[in-house]
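Structural overview
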Amino acid sequence: MVKKIYLLFSLMFMFLIIPKLVFASTGKINTGDTAFVLFSAALVMIMTPGLAFFYGGMVSSKNVISTMMQSFIIIAIVSIQWILFGFSLSFGSDVRHIIGNLQWLGLKNVGFEPYDAYSATIPFMAFMIYQLMFAIITPALITGAFAERMRFGSFLLFTLLWTTLVYAPIAHWVWGNGGWLKNLGALDFAGGTVVHISSGISGLIAAILIGKRKNVNIIPHNIPMVIMGTAILWFGWFGFNAGSALAVNGIAVNAFVVTNTAAAAAALGWVIVEWKVNGKPTLFGAASGAVAGLVAITPAAGYVTVVSAIIIGVIAGILCYFSVNYLKHKFKYDDSLDAFGIHGIGGTWGAIATGIFATKVVNPAGANGLIYGNVHQFIIQIISVIAVYAFASIMTYAILKFISLFMDLRVSEEEEESGLDISQHGEGAYNNIELKYNYFSYYDNN
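Values in this document were obtained by computation on a predicted structure and should not be read as measured data.

How each quantity is defined
Residues numbered from 1 in each chain as written. Predicted model: local features only at pLDDT ≥ 70, side-chain atom pairs only at ≥ 80, totals over all residues. Heavy atoms only, no water. Helix = DSSP H or I, 4+ residues; strand = E, 2+ residues; numbered from the N terminus. Phe/Tyr/Trp six-rings, centres within 6.5 Å; stacked < 30°, edge-to-face > 60°. Lys NZ or Arg CZ within 6 Å of the ring centre and 35° of its normal. Expected span 1.5 Å × (residues − 1). Bend = angle between axes of the 7 residues up to and from the residue. UniProt positions renumbered as here; feature names shortened; annotations may be inferred. pLDDT = per-residue confidence, 0-100. Contact = heavy atoms within 4.5 Å. Core = buried A, V, L, I, M, F, W, Y, C linked by side-chain atoms within 4.5 Å. Buried < 20%, exposed > 50% of the residue type's maximum accessible area, 1.4 Å probe, protein only. Salt bridge = Lys/Arg side-chain N within 4 Å of Asp/Glu carboxyl O. 1 Å grid on protein atoms, 1.4 Å probe; cavity = no way out; pocket = protein on both sides within 12 Å on 5 of 7 lines; lining within 4 Å. Points joined across faces, edges and corners; volume = space filled by probe spheres on them. Polar contact = N/O pair within 3.5 Å; in protein donor to acceptor, adjacent residues only side chain to side chain.

Positive phi, normally seen in glycine, also occurs at His-97, with a value near 65°. Secondary-structure assignment places His-97 in the loop between β1 (94–95) and β2 (99–100). A positive phi angle, near 75°, is found at Glu-148, a position not held by glycine.

Here is the structure:
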């Protein structure tokens with residue numbers, strides 16, 4: 001143990017003494033762009049705690065802490081992983097158009113001057129920290145699929161492996177200089193494929209492999225908490241989408257406006273269908289619809305008009321409603337908090353919609369979509385969706401199977417019955433009779 005600790009501190013010391021060289025660049029730092037990107041990074045960061053509230057309100061009262069803990073601890077895990085090697089794997093010099101190399105290991109040479117390939121007017125370090133926030137929230141989205149049943153130790157290992165082996169390659173494919181999907185011409189302004197499809201389909205695979213909860217008919221225990229989480233997500237999403245312009249310009253403004261528009265349209269789409277089908281519109285449905293719209297507009301935000309955003313949002317609300325309320329019941333999988341139903345389906349529609357509605361009128365650096373006569377772009381978007389589905393599915397299955405060789409993926413029946421708050425963390429969100437009973441019952445038997 002002493003030798004392992006010594007080795008760990010030795011490696012950390014090596015990273016500390018590596019010189020941080022400043023890149024030479026023909027660009028000049030724009031203070032307005034830099035402030036905008038740093039503020040956007042902060043907005044994206046707050047989305048993960050917002051997700052914790054969103055998911056935390058949706059579970060039973062005995063699993064609030066465990067659900068929120070998963071989102072919170074991911075901030076810590078991925079922040080360290082990203083600095084040590086995650087950023088370099090995602091954005092380092094291209095290796096066969098699949099992955100980045102390790103040239104920026106420990107942020108070596110990630111300096112305070114612009115780096116033309118990614119950050120022409122902002123410090124390269126600012127680009128790095130902004131991208132970190134995307135890497136954080138992506139695995140956090142997955143946790144909604146296996147909420148209330150995954151063992152905490154297995155979850156920690158899964159998060160580290162998934163972020164390294166799934167997120168980093170996909171980020172490089174789509175956004176990395178030399179990535180094969182980027183070279184192909186795939187459009188993903190802020191993460192429809194990289195963030196939402198990858199997390200959604202990975203969540204579905206995890207939910208199926210880990211198995212159903214003993215009680216799949218759990219009613220959200222705290223709707224106000226869900227709404228607070230939704231509000232934080234909606235607010236943070238402006239940094240998620242508008243910030244992806246990496247500059248204070250018209251594209252950022254467009255992304256900001258269409259983000260709000262699509263979320264509003266999707267909330268209305270979901271509520272209208274829900275009202276028609278069930279006879280009553282729900283606040284929970286409106287919140288779910290808004291998130292579906294935010295997901296769907298993400299890949300298209302820098303490429304489509306406001307009117308297109310309304311269409312994208314309305315369809316996203318309707319598609320995700322039927323996915324959540326019919327698809328998972330028909331195929332009998334337990335996607336606890338609808339990670340696939342909203343992020344997988346919404347992200348898929350958003351990526352395809354980008355290939356339909358994108359226009360160079362909004363972004364000359366983008367492409368025209370199907371309705372502007374460019375069938376080729378539509379086909380490219382389909383290819384990108386299929387590629388991410390296939391890779392994320394296979395790798396997630398392999399990672400979980402690997403982890404299961406060494407430790408259990410899910411808690412025992414007794415631990416699930418007592419609640420993961422008590423069995424995994426020894427604390428409860430509420431000081432009520434039920435949790436006290438579960439606490440003493442669990443520890444009396446263990």
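The next thing to look at is the packing of aromatic side chains. Scanning all chains against the criterion turns up 34 aromatic pairs. By the ring-pair criterion, three or more aromatic residues cluster together here, those being Trp-82, Phe-87, Phe-91, Trp-104, Tyr-115, Tyr-118, Phe-124, Phe-127 and Tyr-167. Stacked on the ring of Phe-331, the Lys or Arg Lys-330 has its end atom at 6.0 Å from the ring centre.

Compared with an ideal rise of 1.5 Å per residue, which puts 28 residues at 40 Å, helix α3 (residues 64–91) spans 36 Å between its outermost C-alpha atoms and falls more than 12% short. In the structure, α3 departs most strongly from a straight axis at Trp-82, where the bend amounts to approximately 70°.

A word on the UniProt feature "domain: Ammonium transporter AmtB-like" (unreviewed entry) in the protein. UniProt feature "domain: Ammonium transporter AmtB-like" (unreviewed entry): in the numbering of this structure it lies at residues 35–430. Secondary structure across residues 35–430 comprises 68% helix and 1% strand; the distance between its end C-alpha atoms is 40 Å.

On to the confidence of the model for the protein, then. When the pLDDT values of the protein are averaged, the result is 92; 91% of them are 70 or greater. Confidence drops under a pLDDT of 50 for residues 11–26, and excluding neighbours within four residues, the segment shows 25 contacts in the predicted structure.

Here we take up the environment of Ile-311. Here Ile-311 is to be found in helix α11 (residues 306–331). In sequence terms Ile-311 and Phe-357 are 46 residues apart; their C-alpha atoms lie 9.6 Å from each other.

This next bit is on the nonpolar core. Ranked by internal contacts, the top residues of the largest apolar core, which has 120 residues, are Phe-87, Phe-158, Tyr-167, Phe-240 and Ile-312. Sorting elements by how many residues they give to this core places helix α4 (residues 124–142) first, with 14 residues. With residues up to four places along the chain from it excluded, the contact list for Phe-87 reads Trp-82, Gly-92, Trp-104, Leu-107, Val-110, Phe-124, Phe-127 and Met-128.

A word on the pattern of salt bridges. One pass over the structure, following the stated rule, counts 7 salt bridges. Arg-151 is the salt-bridge partner of Glu-415, the closest N and O atoms lying 2.9 Å from each other. In this pair, Glu-415 is assigned in helix α14 (residues 413–418) and Arg-151 in the loop between α4 and α5 (152–175), connecting sequence segments 264 residues apart. Between Asp-334 and Arg-213 there is a salt bridge, with the nearest N and O atoms lying 2.8 Å from each other. A residue pair is termed long-range when its members are at least 10 positions apart, and Asp-334 in the loop between α11 and α12 (339–357) and Arg-213 in the loop between α7 (192–210) and α8 (223–241) qualify at 121 residues. Here the residues in one salt-bridge network are Glu-148, Arg-149, Arg-213 and Asp-334, joined through shared partners.

Turning next to empty space enclosed by the protein. The tally for this structure, following the rule as stated, stands at 1 cavity of 30 Å³ or more. Looking at the largest cavity, its volume works out to about 40 Å³. Surrounding the largest cavity, Ser-66, Gln-70, Met-150, Phe-152, Leu-420, Gln-424 and His-425 form its lining. Of all the elements in the fold, those that place two or more residues in the lining of the largest cavity are α3 and α15 (420–425). Broken down by element, the lining of the largest cavity gets its largest block of residues, 3 residues, from α15.

Now for helix α2 (residues 31–58). For α2, spanning 28 residues, the distance from its first C-alpha to its last is 41 Å, which sits close to the expected 40 Å at 1.5 Å a residue. Measuring from the backbone nitrogen of Gly-32 back to the side-chain oxygen at the start of α2 gives 2.9 Å, which picks out Asn-30 as the cap.

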